[in-house]
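The chain contents come next:
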Amino acid sequence: MTELVPVPQDLAARAHVDLPTYRRRYAASLRAPDDFWAAEAASLDWIRPFREVSDTNFDPADLRIRWFADGTLNASVNCIDRHLPAKADQPALLWEGDRPGESRTVTWAELADQVNRLANVLRGLGVAKGDVVTIYMPVLPEAIVAMMACVRIGAVHSVVFSGFSAEALADRIRDAGARVVITADEGLRGGRVVPLKRNADRAAAAAGGVAHLIVAARTGAAVPMTPGRDIRWGPALTAADPWCPPVEVGAEDPLFVLYTSGPTGRPKGLVHTTGGYLVQVGTSWRTIFDWHEGNVFWSTADIGWVTAHSYKIYGPLLNGATSVLFEGVPTFPDSSRWWSIIEKHRVAIFYTAPTAIRSLMREGEAPVRRHDLSSLRVLGSVGEPINPDAWHWLHRIVGGGRCPIVDTYWQTETGSVLLVPIPGAVANKPGAAGKPYFGVRPVVMDPAGRPVAGAGRGSLCFAGSWPAQARTILHDHDRFLRTYFSPFPGHFFTGDGVERDGLGYYRITGRIDDVLNVSGHRLDTVELESAIASHPAVAEAAVVGIPHPVKGQAIFAFVTLKADQPETEALKAAIVALVRERIGPIATPEALLWAPALPKNRAGKILRRVLARIAAGDYHDLGDTTTLADPEAVDEIIRRHRASQ
Ligand code: WTA
């Protein structure tokens, strides 16, 4: 068994939650969930207080997820206005640009001013409560202003990762029915220019229905503006009124939509609502990072992911915390960039992802040692299991052996962290995502749908609702029911495999559906396969994940060409380029192998499991192949794979 790394005593002594508190509050949260969450809800300013705490049922025939439903509030007031009396002139955001030396500080008063003005601009464009606004921006203060401006008027933000292609953006604009898109002229990442306005123009043309594009100036490049449709951020905000009355919204009104990959093709827009999300995200952020007044927080996540929504934006804002925003990448201009930012801003809490740690480990210790990281108190990890090597490097080299690592397990769907070693309470077990958060009841299911008692392995499910969970998939409630609530009735199913040890620690063993996790990004095999198959020379494709030392998993594609199509390197390159264009650079296949035919069972289903073994070079351990319709196809693929190694 891996050794436990104990809770540092000095940290436990000051922590919001120590071990006795964790035990007591966890037990209480399960015994009387409504009392527990009602008390947590006192952390928000409500316009009309709620009377009913929860109305929930996980039976797929009668699914109900409602929290604080008769309460009303406004998210931007909770994130900004209420901090103004004490903190108007203090920094809310410390922004660092792609290039060192380019930085900005945004105070709470400045943030409020920008949000109010942009909210008025949106109102002027006819955006009303419940309308979806798509945000396609780099990590800039303006992106946060845009999100907050939406929620000030009760509009729903849909942030799309700025690394996604025009086509992926168009799909998401169309699905959400957004009339207004907020973007920037260009983005900068690692010294490279990202043509955001150009992508947004193409996406708007492809999606249809976009009445206005609001364009913030990042690089100041001369981008073409369509008269009557496109609006420049700067002049529009200057002309706008600096006060916009906050709109009262119901706790169960939507706060945002966020698209993620699911196990069946089309990206799905998870819908999060206002009251429950804000209650749980605000309180859990403070608890799991053990934030204290004055601690500078930094999450390296891009704003396009749920990690940033919950724990880079809403969590810190709800608590009036100062946080760092960094536009660039950890290796530009050199691999000490992150460490120099931690030193510069005296960052106390640093939340990052295993894939980045693994890539920085390769650069050795010297870039870290050049900087004073003594301000760090707590480190966090998210997105995939952190392998013990990376864990120990982060702990020893970055954290100087004194900072606990909160390995936070959660999902776009869950909205907030569900498994975590709360830093002042639960000893770390490297590689395991810790123990349940308050109010959370993990269940390990065996394949027959029976809960496993004690230590064991199975499918990770949760019994009973928690306030921050997603309520539905936009326009597709059936898919929501099918994906999460039907596999194990009465439970929420995560799609992850898990192992629980004798001490009650949970270790995630990876996705058990057709979702890949590449550098912490979720990618759906079906979506990747349809992008490949959209090439006119391709008959069909199958995509699997292969272990990768930095990315965790990399994409391996098996491609069958149409008859008479020559198997050339140029065609491979064209297919890879097509995937990048259809989805984005994060979806770039690591390798592509021509397969004369794909292994299928007699029902015609592609056996990705067999392909995954072949891609990993495990030719002798293909598992059960008795259902194969055409065993020769497998022999041929093995022959070719071996030849390609
Ligand atoms: C994986 C990111 C192990 C998991 C917050 C999950 C993790 C998916 C961890 C969700 C972790 C996330 N340990 N695996 N600490 N955190 N995952 O929606 O497979 O982008 O289902 O949310 O990432 O990815 P998503």
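Residues numbered from 1 in each chain as written. Predicted model: local features only at pLDDT ≥ 70, side-chain atom pairs only at ≥ 80, totals over all residues. Heavy atoms only, no water.

### Structural notes on the overall build of the chain
Tallying secondary structure elements over the chain gives 21 helices and 32 strands in all. Rg of the C-alpha trace for the chain: 24 Å, near the compact-globule value of 26 Å for 645 residues, within the 12% margin. The burial tally for the chain puts 62% of its 645 residues in the buried class. Accessible surface computed for the chain: about 23500 Å², of which carbon and sulfur atoms make up 52%. Charge separation in the chain, taken as the distance between the mean sites of 68 positive and 69 negative side-chain charges, equals 1 Å. (Helix = DSSP H or I, 4+ residues; strand = E, 2+ residues; numbered from the N terminus. Rg over C-alpha atoms; globule rule 2.2 N^0.38 Å. Buried < 20%, exposed > 50% of the residue type's maximum accessible area, 1.4 Å probe, protein only. Areas by Shrake-Rupley, 256 points an atom, 1.4 Å probe, with all protein chains shown as cover. Lys, Arg positive; Asp, Glu negative; His and termini not counted. Charge placed at Lys NZ, Arg CZ, Asp CG, Glu CD.)

### Topic: the environment of arginine 64
Residue placement: arginine 64 occurs in strand β2 (residues 64-67). Residue arginine 64 is classed as partly exposed on the basis of its relative accessible area of 28%. Placed 407 residues apart in sequence, arginine 64 and arginine 471 show a C-alpha to C-alpha distance of 8.5 Å. A polar atom in the side chain of arginine 64 sits 2.9 Å from the side chain of aspartate 55. (Polar contact = N/O pair within 3.5 Å; in protein donor to acceptor, adjacent residues only side chain to side chain.)

### Regarding the side chain of threonine 183
Looking at where threonine 183 falls in the secondary structure, it is placed in strand β8 (residues 180-184). The contact partners of threonine 183, leaving out residues within four places of it in the chain, are Tyr136, Met137, Leu196, Lys197, Ala200, Leu213, Ile214, Val215 and Ala216. (Contact = heavy atoms within 4.5 Å.)

### Focus: the site of the ligand
Around the ligand there are 17 residues in total, and Asp407, Thr412, Asp496, Arg511 and Arg522 lie nearest to it. Contact distances for the ligand include 2.9 Å between an oxygen atom and a side-chain N or O atom of glutamine 411. Within the complex, 96% of the 530 Å² of free accessible area of the ligand lies under protein. Only α12 (306-318), β20 (405-408) and β27 (506-511) provide two or more residues apiece to the shell around the ligand. Of the residues belonging to the shell around the ligand, the class tally is 6 nonpolar, 6 polar and 5 charged. (Near = heavy atom within 4 Å. Nonpolar A, V, L, I, M, F, W, Y, C, P; charged D, E, K, R; others polar.)

### What to know about the pairing of strand β23 (residues 441-445)
The buried fraction of β23 is high, at 4 of 5 residues. Bridge analysis of β23 against strand β24 (residues 456-463) gives 5 bridges, and the strand direction is antiparallel. What sits directly across from valine 444, in β24, is leucine 460. (Pairing = 2+ DSSP bridges.)

### Focus on the sheet that holds β27
Taken together, 4 strands build an open sheet; the order of strands is β23-β24-β26-β27 and the sheet is antiparallel. In this open sheet, the two strands that pair with only one neighbour each are β23 and β27. Between one strand axis and the next, the sheet turns through 45° on average, direction left out of account. (Axes fitted to C-alpha atoms, helices over the stretch in contact; angles between N-to-C directions.)

### Quick look at the confidence of the model for the chain
The share of residues in the chain with pLDDT of 70 or more is 99%, and the mean pLDDT across the chain is 95. Here the predicted complex carries an ipTM of 1.00, next to a pTM of 0.93. (pLDDT = per-residue confidence, 0-100.)

### Concerning the pattern of salt bridges
Across all of its chains, the model carries 41 salt bridges by this definition. With its nearest N and O atoms 3.4 Å apart, the salt bridge here joins arginine 51 to aspartate 70. Separated by 19 residues along the polypeptide, arginine 51 in the loop between α3 (33-41) and β1 (54-57) and aspartate 70 in the loop between β2 and β3 (72-73) bring together distant segments of the chain. Overall, the relative accessible area of 74% leaves arginine 51 in the exposed class. Its salt-bridge partner being arginine 369, residue glutamate 365 comes within 2.9 Å of it at the nearest N-O pair. Looking at glutamate 365, the relative accessible area reads 31%, which means it is partly exposed. What you see here is one network of salt bridges that share partners, running through Lys197, Asp201, Arg229 and Asp230. (Salt bridge = Lys/Arg side-chain N within 4 Å of Asp/Glu carboxyl O.)

### Details of the layout of surface pockets
Of the pockets and cavities examined, the second largest pocket occupies roughly 290 Å³. What lines the second largest pocket is a set of 16 residues, among which Asp171, Arg266, Pro267, Glu527 and Arg582 lie closest to the centre. Elements supplying a minimum of two residues to the lining of the second largest pocket: α8 (166-176) and α18 (525-533). Per element, the largest residue contribution to the lining of the second largest pocket is 6 residues, and it comes from α8. Along the lines of polarity and charge, the residues of the lining of the second largest pocket split into 6 nonpolar, 2 polar and 8 charged. (1 Å grid on protein atoms, 1.4 Å probe; cavity = no way out; pocket = protein on both sides within 12 Å on 5 of 7 lines; lining within 4 Å. Points joined across faces, edges and corners; volume = space filled by probe spheres on them.)

### Some thoughts on the packing of aromatic side chains
As enumerated under the stated definition, the model contains 39 aromatic pairs in all. Where tyrosine 22 meets phenylalanine 438, the ring centres are 5.9 Å apart and the plane angle is 40°; that geometry is what we call tilted. Of this pair, tyrosine 22 sits in helix α2 (residues 19-31) while phenylalanine 438 sits in the loop between β22 (435-436) and β23, and the two are 416 residues apart along the sequence. Members of the aromatic cluster, joined through ring pairs, are Tyr22, Tyr26, Phe36, Trp37, Trp46, Phe50, Trp67, Phe68, Tyr437 and Phe438. Against the face of tryptophan 95 rests arginine 104, its NZ or CZ located 5.8 Å from the ring centre. (Phe/Tyr/Trp six-rings, centres within 6.5 Å; stacked < 30°, edge-to-face > 60°. Lys NZ or Arg CZ within 6 Å of the ring centre and 35° of its normal.)

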